[in-house]
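# Fold and geometry: a report
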Amino acid sequence: MDAKIIDGKAIAAQIREEVRRDVELLKMRGKNVTLAVVLVGDDPASAVYVRNKKRACETTGITSLSYELPADTTEDKLLALIGKLNRREDVDGILVQMPLPPQIDEHHVICAIDPVKDVDGFHPTNVGLLATGKPGLVSCTPAGVMELLKRTGVELSGKEAVVIGRSNIVGKPMAQLLLRENATVTIAHSRTADLASVVRRADVVVAAVGRPRMITPDYIKEGAVVIDVGINRIAETGKLCGDVDFDAVLPHCRAITPVPGGVGPMTIAMLMRNCYEAASQRRK
Ligand code: GUN
């Protein structure tokens, strides 16, 4: 089978260009789009993510405000900053980069963000809106996976979809989004008995486990669509790889995302779109 390699970088660039135009139109009507990015501590990976998000804002015409707080910041101090950003008329989106230092409860922080400014889609209100099929802000990575599937022309209605991973950020919202498109959805995870036989049922596989190259051809039904959310760094080489053994699985599937260059670039593109959506909703 000739598998199609899904070009996430190209699709993400397309979305960012669409958002750039939408942001420009909003600006012409007198509304500037602003994202506040909060980073606590000096985790090097988080610093890279935050830098990339701010850079994406620049190229999309979104104003980014940067708040860098020391690692020993108290929860009260962070909650006070969020309260201030919630009340600011000019701030449309608030993003607090995770993980947070141990003295800060992430759940308290997520719940403190005004749901209409919650561009990560982590607030229980937005999670509940997604679960009840109502419009709201959706977690960026699963939203990006849906865009990839949509723009690749993957049919979901009536199909078997298996999501591997049950995190609040990816697995659970991913399952809700697939369900909304009328797929028959299974959430598998590290405790699933005979994982390979469960995943082999899938017409669409979304792997979000965080285990390098765990998904080998014996997990894949011939002709399945395989979406790899994993970003793992191989210690010996420093190279990135996904949860899927790409080279081995490629000949068996209809379409597959590479790592890097698959889902990764979509996350930031969808964050930009969420910022635009938040601004445009608040303006109404
Ligand atoms: N840390 C890892 N992924 C994310 C994300 O999508 N949003 C935030 N805020 N922090 C993260």
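I will try to describe carefully the structure that is included in this document. Predicted model only: the values in this text are computed from it and were never measured.

What follows concerns the pairing of strand E8 (residues 224-228). Remark: a regular strand shows side chains that alternate across the two faces of the sheet. Within E8, five of the five residues are buried, which leaves the element mostly enclosed by the surrounding structure. The alternating pattern of E8 places Ala224, Val226 and Asp228 on one face and Val225 and Ile227 on the opposite face, and all of these are buried. In this sheet, strand E11 (residues 253-256) lies alongside E8 in parallel orientation, the contact comprising three bridges. Of the residues in E11, the one forming a bridge with Val225 is Ala255.

With that settled, the discussion passes to the sheet that holds strand E4 (residues 93-96). Spatially, the three strands line up as an open sheet ordered E3-E2-E4, and their pairing is parallel. The sheet is open, and its two borders are formed by strand E3 (63-69) and E4, each paired with just one other strand. On average, each strand axis in the sheet is inclined to that of its neighbour by 15°, with strand direction left out of account. Bridge analysis of strand E2 (residues 34-40) against E3 gives seven bridges, and the strand direction is parallel. Of the residues in E3, the one forming a bridge with Ala36 is Leu65.

Let us look at the site of the ligand. Every residue near the ligand is listed here: Lys53, Leu95, Val96, Gln97, Met98, Asp120 and Phe122. Here a nitrogen atom of the ligand sits 3.2 Å away from a polar atom, N or O, in the side chain of Gln97. Asp120 is positioned with one of its side-chain polar atoms (N or O) 2.6 Å from a nitrogen atom of the ligand. If the ligand stood free it would expose 280 Å²; the protein chains cover 78% of that surface. With respect to the pocket detection grid, the ligand is positioned in the largest pocket. Tallied by class, residues from the shell around the ligand come to four nonpolar, one polar and two charged.

A separate point is the pattern of salt bridges. With the rule as written, the count across this model stands at 13 salt bridges. Residue Arg21 pairs with Glu17 through a salt bridge whose shortest N-O separation is 3.3 Å. Placement of both Arg21 and Glu17 in helix H1 (residues 8-28) is noted, with a separation of four residues, approximately one turn of the helix. Residue classification places Arg21 among the partly exposed positions, given a relative accessible area of 45%. Judged by relative accessible area, which is 30%, Glu17 ranks as partly exposed. The partner of Glu68 in a salt bridge is Lys54, and the shortest N-O contact between them spans 3.3 Å. With Glu68 in strand E3 and Lys54 in helix H2 (residues 44-60), this residue pair connects regions lying 14 residues apart in the sequence. Within this structure, Glu17, Arg20, Arg21 and Glu24 form a network of salt bridges that share partners.

Of the voids in this model, the largest pocket is the one considered here, and its volume is about 1400 Å³. Lining the largest pocket are 46 residues, with Tyr49, Thr141, Ile231, Gly264 and Thr267 positioned closest to its centre. Within the residue set of the lining of the largest pocket, elements represented by two or more residues are H1, H2, E4, helix H6 (140-151), strand E9 (232-233) and helix H10 (264-283). With six residues, the single largest contributor to the lining of the largest pocket is H2. The residue inventory of the lining of the largest pocket, partitioned by class, reads 25 nonpolar, 13 polar and eight charged. What the second largest pocket holds in volume is close to 570 Å³. Lining the second largest pocket are 25 residues, and of these Gly136, Leu137, Val138, Asn274 and Glu277 sit closest to its centre.

Thresholds, definitions, all that
Residues numbered from 1 in each chain as written. Predicted model: local features only at pLDDT ≥ 70, side-chain atom pairs only at ≥ 80, totals over all residues. Heavy atoms only, no water. Buried < 20%, exposed > 50% of the residue type's maximum accessible area, 1.4 Å probe, protein only. Helix = DSSP H or I, 4+ residues; strand = E, 2+ residues; numbered from the N terminus. Pairing = 2+ DSSP bridges. Axes fitted to C-alpha atoms, helices over the stretch in contact; angles between N-to-C directions. Near = heavy atom within 4 Å. Polar contact = N/O pair within 3.5 Å; in protein donor to acceptor, adjacent residues only side chain to side chain. Areas by Shrake-Rupley, 256 points an atom, 1.4 Å probe, with all protein chains shown as cover. 1 Å grid on protein atoms, 1.4 Å probe; cavity = no way out; pocket = protein on both sides within 12 Å on 5 of 7 lines; lining within 4 Å. Sits in = over half its atoms within 2 Å of the grid points. Nonpolar A, V, L, I, M, F, W, Y, C, P; charged D, E, K, R; others polar. Salt bridge = Lys/Arg side-chain N within 4 Å of Asp/Glu carboxyl O. Points joined across faces, edges and corners; volume = space filled by probe spheres on them.

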